[in-house]
Amino acid sequence: PFPLRANGVGGRTMTAAERAWAELAALAAAPGASAIRPLFAADPARFARFHREGAGLLLDFSKTSISEAVLAALLALARATGVEAARDAMARGEPVNVTERRAALHMALRGPLPGAGAAAHAEAMEVLARMRAFTEAVHRGDIRGATNQRFDTVLNIGIGGSDLGPVMVCRALWRAGDPMRPIHLANVDGHGWEAVLPQLDARRTLVLVASKTFTTQETMANAHLVRRWMEASVGKNGASAHFAALSTNLAATTAFGIGEDRVFPFRDWVGGRFSLWSAIGLSLALSLGWDRFAALLEGARAMDAHFLAAPLADNLPVLLALTECWHVNGLGLHRRAVLPYDERLRRLPAHLQQLEMESLGKGVTLAGAPVSHATGPVVFGEPGTNAQHSFMQLVHQGPRPVPVDFILVARPDHGHAENHRILLANGLAQAEALLMGREAAAVEAEMRAAGLPEAEIARLLPHRVFPGDRPSVTILLPRLDAHHLGALIALYEHKVAVLGALWGINPFDQWGVELGKVMAAPILRELEAGHVGAHDSSTAGLMQALLRLQAE
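This report concerns the structure included in the present document. (Residues numbered from 1 in each chain as written. Predicted model: local features only at pLDDT ≥ 70, side-chain atom pairs only at ≥ 80, totals over all residues. Heavy atoms only, no water.)

## Structural notes on the overall build of the protein chain
Along the protein chain, the regular secondary structure elements total 21 helices and 10 strands. Taken against the 2.2 N^0.38 rule, which gives 24 Å for 552 residues, the C-alpha radius of gyration of the protein chain at 26 Å falls within 12% of a compact globule. With respect to the three principal axes, the spread of C-alpha positions in the protein chain is 75 × 65 × 60 Å. Taking all 552 residues of the protein chain together, the buried fraction comes to 51%. In the protein chain, 72% of the contacts between residues at least 6 apart in sequence involve partners at least 24 apart. Averaging the locations of the 52 positively and 53 negatively charged side chains of the protein chain gives two centres separated by 1 Å. (Helix = DSSP H or I, 4+ residues; strand = E, 2+ residues; numbered from the N terminus. Rg over C-alpha atoms; globule rule 2.2 N^0.38 Å. Buried < 20%, exposed > 50% of the residue type's maximum accessible area, 1.4 Å probe, protein only. Contact = heavy atoms within 4.5 Å. Lys, Arg positive; Asp, Glu negative; His and termini not counted. Charge placed at Lys NZ, Arg CZ, Asp CG, Glu CD.)

Put into structure tokens, the structure is as follows:
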């Protein structure tokens, strides 16, 4: 998984980055490199040395096999691969998205930046000011629907970054009694529309169509479907009063019937998976209220400030990225589970799947050469304690460890103290169980104390042993409010940027999502015509079967 395991390259002297990779490779190859329990046994103060705090969050990476020597080597790698330079270039608005010759200025959406980032921030503030004015006018009742009813529901139509981030934040923060009820429509599957339709009153529904180009196939199919429903409900002439667009394509939004004053743009230096802070966040402002949307941005800005200023050894996004680098490249662990022990964060794993796997699922370097090491792992997850009753069997006793991110919230926003104590106890216990495991001697003694016959003990013993030494990190939030959620999301955004620098890949493009879209167009035409063209035998056979079944 490492690019180098030798002391030289073709007889030449290694670069600093090559030497850093080689040093990490040597540490990873050492006996006991994946063992964690001995590190705790040797160092009673391990937690104190291997946790950090920043922007209101606490990151504990002590339950990994990172030793002082490994951490020093990882930090040397960060310096040698130019993590600080890449971070600062991103903040200055340089075209760090090299394949598309674009900047990656999502930080400018929530705070001032140097260089070209200053102009981007000023432009973002203009859009935010328009968003605020629109949001407050809707809440006051100055902007109403075609039947003069106040809007009480916002329907956001988008997909990918135009859906996952807003959905995740709404599920985390929205409460009954907030300004508007949020509904989200993403999947082009008509069953998605049928599921939300009973929740909607057209007279009181404001619809946001979120598509930068206003050409995204799934989003526009749903937008036209909803437009027809709205016209049938409030009349063709009145439907436009119920729509706004989050887009830069004014010609297309005008053709759809949305006035320019209802179009909120965002620039191409905002990638979809980094865009919830932009006009894409309008559904959040409308549903949560402007003050909480602003608090979300402030929390992210606090993490930005920490990321840009904190030394690498104390920098939460850097340390989170280095921990993943050790697991992926050092130990060959290519999966990671995200377990938020808070039901409100149930959509965080889905958001991180896009943020990380779309950013880091790359097989070529910035120069276009094949990578010589592993890159982004598979990310999956569910809220605790639900996950304990599904895939945690594999995490505890599967043949390969699966690193875990545990996310805990100290103070809930409900009065059910006993439930919250049970929740936290389970999260802490899962992490400790992954670390400590249960050895054969302890299991054997437990079964013998329970009176099991020796033959039964021998039969069951292999099945009840837990190997332990399974790594996890824990992120602790004081509470799940808009500010700390903003900091948490930005923590993972910056982790992605750091890993891009470490691995020498571009985390800001996503060419891998395009090919299937391109190939879908001719297949769609053939399905419409009922004629199957030239395809591989599997695709052609499946299309023929679909056409036959539809005709029955």
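Still more ground to cover, so stick around.
## What about the packing of aromatic side chains?
On inspection of all chains with the given rule, the structure shows 9 aromatic pairs. Seen in terms of ring centroids, Phe50 and Phe61 are 5.6 Å apart; in terms of plane orientation they differ by 80°. Their pairing is edge-to-face. A residue pair is termed long-range when its members are at least 10 positions apart, and Phe50 in the loop between helix H3 (46-49) and strand S1 (51-54) and Phe61 in the loop between strand S2 (57-60) and helix H4 (68-80) qualify at 11 residues. In terms of burial, Phe50 and Phe61 fall into one category: buried. Here the aromatic rings of Phe380 and Phe391 are separated by 5.0 Å at their centres, their planes lie at 80°, and the arrangement is edge-to-face. (Phe/Tyr/Trp six-rings, centres within 6.5 Å; stacked < 30°, edge-to-face > 60°.)

## Overview of H4
Under the 1.5 Å per step criterion, the end-to-end length of H4 is 18 Å for 13 residues, consistent within 8% with the ideal 18 Å. Those residues of H4 lying buried are Val70, Leu71, Ala73, Leu74, Leu75, Leu77 and Ala78. Those residues of H4 hidden inside the fold are in contact with helix H1 (16-29), S1, helix H5 (83-92), helix H13 (316-330) and helix H19 (482-503). Trailing H4 by a residue or two, Gly82 shows a phi angle of about 75°, which is positive. (Expected span 1.5 Å × (residues − 1).)

## Thoughts on the sheet that holds strand S4 (residues 181-185)
Strand order in the open sheet made by the 4 strands is S4-S3-S5-S6, with parallel pairing throughout. The sheet terminates laterally at S4 and strand S6 (243-246), the two strands that pair on one side only. Within the sheet, the average angular offset between the axes of one strand and its neighbour, ignoring direction, is 20°. Judged from the 5 bridges that link them, strand S3 (residues 153-157) and S4 form a sheet pairing that is parallel. Along S4, the bridge assignment pairs Thr153 with Arg181. (Pairing = 2+ DSSP bridges. Axes fitted to C-alpha atoms, helices over the stretch in contact; angles between N-to-C directions.)

## Comments concerning the pairing of strand S9 (residues 404-411)
Of all 8 residues in S9, 6 are buried; the element is thus mostly enclosed. Across 5 bridges, strand S7 (residues 335-341) lies against S9 in parallel orientation. Each bridged residue has a counterpart across the sheet, and for Tyr341 the counterpart in S9 is Leu408.

## Some details on the side chain of Lys63
Its location among the elements puts Lys63 in the loop between S2 and H4. Among all residues touching Lys63, those that are not within four sequence positions of it are Ile36, Phe40, Ala431, Glu432, Leu435, Arg470, Pro471 and Ser472.

## A short note on the pattern of salt bridges
Under the definition given, this model contains 36 salt bridges. Residue Glu68 pairs with Arg49 through a salt bridge whose shortest N-O separation is 3.6 Å. Here the residue Glu68 occupies a position in helix H4, and Arg49 occupies one in helix H3, the gap between them amounting to 19 residues. Among the ionic pairs, Arg102 bridges to Glu100, the shortest N-O distance being 3.5 Å. (Salt bridge = Lys/Arg side-chain N within 4 Å of Asp/Glu carboxyl O.)

## So, the packing of helix H6 (residues 116-140) against helix H12 (residues 290-309)
Orientation of H6 relative to H12, taken along the N-to-C sense of each, is 155°, at an axis distance of 10 Å. Looking at the two axes, H6 sits roughly antiparallel to H12. Facing Leu128, Met131, Arg132, Thr135 and Glu136 of H6, the residues of H12 in contact are Trp290, Phe293 and Leu297. A class-by-class count of the residues in the contact of H6 with H12 yields 5 nonpolar, 1 polar and 2 charged. (Parallel < 35°, antiparallel > 145°, perpendicular 65-115°, else oblique. Nonpolar A, V, L, I, M, F, W, Y, C, P; charged D, E, K, R; others polar.)

## Remarks on the sheet that holds S1
Strand pairing in a sheet takes place through backbone hydrogen bonds and is either antiparallel or parallel in direction. The 6 strands are arranged S1-S2-S10-S9-S7-S8 in an open sheet whose pairing can be described as mixed. Of all the strands in the sheet, the pair left with one neighbour each is S1 and strand S8 (378-381). The average undirected angle you get between the axes of adjacent strands in this sheet is 20°. Relative to the sheet, H19 contacts S2, S7, S9 and strand S10 (472-479), its axis offset from that of S10 by approximately 150°.

## Structural notes on helix H21 (residues 537-551)
Helical periodicity: at 3.6 residues per turn, an α-helix aligns residues three or four positions apart in one direction. End to end, H21 covers 21 Å across 15 residues, agreeing with the expected 21 Å (1.5 Å per residue, within 8%). Buried residues of H21: Ala540, Met543 and Leu547, and no others. For H21, the arc enclosing every buried residue in end-on projection is 65°, short of the 170-degree limit, so these residues lie on one face. Exposed and facing more than 90 degrees away from the buried side of H21 are Ser537, Leu542 and Leu549. Put simply, Asp536 is the residue that caps the front of H21, since its side-chain oxygen is 3.0 Å from the backbone nitrogen of Ser538. (Arc of directions from axis to C-beta. Polar contact = N/O pair within 3.5 Å; in protein donor to acceptor, adjacent residues only side chain to side chain.)

## Focus: the nonpolar core
Counting residues in hydrophobic clusters, the biggest one holds 116 residues, and the most contacted among them are Val169, Leu296, Leu485 and Leu488. Every residue in contact with Leu485, bar those within four places of it in the chain, is listed here: Met168, Val169, Ala172, Leu173, Leu296, Leu345 and Leu480. Listed in part, the 24 residues of the second largest apolar core include Ile157, Val209, Val234 and Ile258. (Core = buried A, V, L, I, M, F, W, Y, C linked by side-chain atoms within 4.5 Å.)

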